[in-house]
Amino acid sequence: MEGSLIWRADERAGLLLRELYRRHGYLPYRMSRFEPYDLYRKNRSFLVSENILTFTDTDGRLMALKPDVTLSIVKNAQPPAGGLEKVYYHENVYRTTAAALGFREIMQTGLECIGSLDLAAMGEVLSLASESLRLLGGGRYLLDLGHIGLVSGLLEQVREESVREQLLAELGRKNVPAIDRLCAQAGVNRELSDRLCRLARLYGPPEEVLPRLEELASGERPAAALEELKGLCRIMERLGFSEGLRLDFSIANDMRYYNGIIFRGYLPGLASGVLAGGRYDNLLRRMGKTGQAIGFAVYLDQLERLGEESEYDVDVLLLYRPEADPAAVAVRAAALAGEGKSVRMEREVPQGLRWRELVRFEEGGQT
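Engineer: Go over the nonpolar core with me, naming the residues and quoting the values.
Structural biologist: Soluble globular proteins tend to bury their nonpolar side chains together. Of all hydrophobic cores here, the largest spans 98 residues; its most connected members are L143, L213, F249, F263 and F296. Counting residues per element, this core draws most heavily on helix α4 (residues 119–137), which supplies eight residues. By size, the runner-up hydrophobic cluster in this structure holds eight residues, among which are L318, A333, V359 and F361.

This is the structure we're talking about:
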C-alpha cells in the first residue's frame, strides 16, 4: 500500500492546529529551510539541540539547515508600535534528538506573539496551547505552567552564579536533598533554602498551589510574578481550561532567554512533552529588538508514538459501480464527509486498505 495514500497523525494535527490559530487572527509565516550559521552560533544555548547541520553556500557563506523556528521569526519581526505581530508556522526543523542517532527532519507547528504584550495577549497564547492539546488528545491532556520570575526572584539572592545554575538544574529535577545541600555548602541562609525546597515540591491545580505560593513570593519580582500567575489562571478558568492546568516550578529554563511564564504540554501515552513554550523577552533584547514575546511549538513527530488512527486508514470506503452517476456519487461522498468522516471513493476494494465502515452506493442515494 502506498504510504502517500494515508493521512498521518502529524499531518491531520497540523491542519487542525493551523485552522485553530487562523481563527484567532494569527497569520501564516513561511521561511527558508536555511539561515546563516551565525544566527544559531550566537544563540546556541537557546536551541533544544546544540548540534547544527551546516553547508557552504555558492557565495562562500556558511549556512545552516534551521534547527529552530523562533530565532528566524524574531530576527525578522517588525511589530507595529504599541501593537502585536501574531504569526503561526508549520515548518520542518533539522536537529538531533536524545531518542535517535543522527539528524532528523522534524515537523513543528506553533505560534509567536511579539510586540506590546499584556495579560490578555498572554492569556490568549496560553489558552491556545491548552486548546491545541485538547484537540490532539481528544480532551485529555496536562499543561504544566511555571513562572521564571518566582524562581529567579529567589535565586538572585544567591551570590555565586555557578551555585545559581546548579540550583536551577536541581530544581528542574525536583531534587530537594541536593538543593538543601547546595544551599548549605554556599552559605545560603536557612529561610531562603527552605523556600527553594518548598518551591521544588509544589505541583498541582491552581486552586491548591496559588495559596501556598503567597508565603514564598516575598520580594518585588516574586510578588509580581505571582500576581501575573493569578491573572492567567483566572483567564484559563473563565475559558474552561482549568481542569488540565497544573502549576509546576521545575520547568524553569535558561534565565538568559526566558523571563516570565513557561509551560509544557503532555498527552496520555507519551512519556515526553509534546508542546513547549514561554515568554522570552530576553531573547528579543539579545537580538537587538524591543518589546516582549511569547509563543509555543507543538512537536508533531511525537504523535507517531500515540498509535491512534493506526487501525484504520479511512472511516468510510464508498464503493460505486462504473455505471453510477458521478455527480450522485460525489454528493453521497460529500454528505459522509460532512458528518466528520474521512471518505474514500472506489469502484473496487483497494488491496490492503483498512476501513471502519463499508458503504455501497446505489442509485437514488440508497446504500
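There is more to say, and it comes next.
Engineer: Explain the sheet that holds strand β3 (residues 54–56) residue by residue, including any values.
Structural biologist: Overall, antiparallel pairing links the three strands, which are arranged β2-β4-β3 in an open sheet. Edge positions in the sheet fall to β2 (34–36) and β3, since each has one partner strand and no second. Ignoring which end each strand starts from, the neighbouring axes of this sheet average 35° apart. Taken together, the three bridges between β3 and strand β4 (residues 62–65) define a ladder with antiparallel strand orientation. When the sheet's bridge partners are listed, T56 is paired in β4 with L62.

Engineer: Lay out the pairing of β4 in plain terms, naming residues and giving numbers.
Structural biologist: The sheet contact formed by β2 and β4 spans three bridges and is antiparallel. Across the sheet, the residue bridging to E35 is A64, located in β4.

Engineer: Outline the environment of G139, supporting the account with residue identities and numerical values.
Structural biologist: Tracing the backbone through its elements, the reader meets G139 in the loop between α4 and β7 (142–147). Looking at G139, the relative accessible area reads 39%, which means it is partly exposed. For the pair G139 and L267, spaced 128 residues apart in sequence, the C-alpha to C-alpha distance is 9.5 Å.

Engineer: Go over the sheet that holds strand β13 (residues 314–319) with me, naming the residues and quoting the values.
Structural biologist: Pairing is parallel in the open sheet, where three strands are placed in the order β14-β13-β15. Each having just a single partner strand, β14 (343–346) and β15 (355–360) make up the two edges of the open sheet. Adjacent strand axes in the sheet meet at a mean angle of 25° when their direction is disregarded. Where β13 lies against β14, four bridges are found, and the strand directions are parallel. Residue pairing in the sheet places V316 in a bridge with V343 of β14. Contacting β13, β14 and β15, helix α12 (residues 326–338) crosses the sheet at an angle of about 160° to β14.

Engineer: With reference to specific residues and values, describe the state of the cysteines.
Structural biologist: In total, this model carries zero disulfides according to the counting rule given. The thiol sulfur of C113 is not disulfide-bonded, and the nearest other cysteine sulfur, from C233, lies at 19 Å. With relative accessibility at 0%, the residue C113 sits in the buried group. Among the residues examined, C233 registers a relative accessible area of 7% and is labelled buried.

Engineer: A description of α4 should follow, citing residues and the corresponding values.
Structural biologist: Relative to the 27 Å expected for 19 residues at 1.5 Å per residue, α4 spans 27 Å between its end C-alpha atoms, a close match to the ideal helical length. With 14 of 19 residues buried, α4 is to be regarded as a mostly interior element. A positive phi of about 65° marks G138, the residue just after α4.

Engineer: Run through the pattern of salt bridges, naming residues and quoting values.
Structural biologist: Evaluated as defined, the whole model comprises 25 salt bridges. Among the ionic pairs, R41 bridges to D38, the shortest N-O distance being 3.0 Å. Here R41 and its partner D38 are both found in helix α2 (residues 37–41), three residues apart, which amounts to about one turn of the helix. Look at R41 and you get partly exposed, because its relative accessible area is 40%. Taking relative accessible area as the criterion, D38 reaches 38% and is therefore assigned partly exposed. Between D281 and R279 there is a salt bridge whose closest N-O contact spans 2.9 Å. Residues joined by salt bridges that share partners form a network here, namely D57, D59 and R61.

About the thresholds
Residues numbered from 1 in each chain as written. Predicted model: local features only at pLDDT ≥ 70, side-chain atom pairs only at ≥ 80, totals over all residues. Heavy atoms only, no water. Core = buried A, V, L, I, M, F, W, Y, C linked by side-chain atoms within 4.5 Å. Buried < 20%, exposed > 50% of the residue type's maximum accessible area, 1.4 Å probe, protein only. Helix = DSSP H or I, 4+ residues; strand = E, 2+ residues; numbered from the N terminus. Pairing = 2+ DSSP bridges. Axes fitted to C-alpha atoms, helices over the stretch in contact; angles between N-to-C directions. Contact = heavy atoms within 4.5 Å. Disulfide = S-S within 2.5 Å. Expected span 1.5 Å × (residues − 1). Salt bridge = Lys/Arg side-chain N within 4 Å of Asp/Glu carboxyl O.

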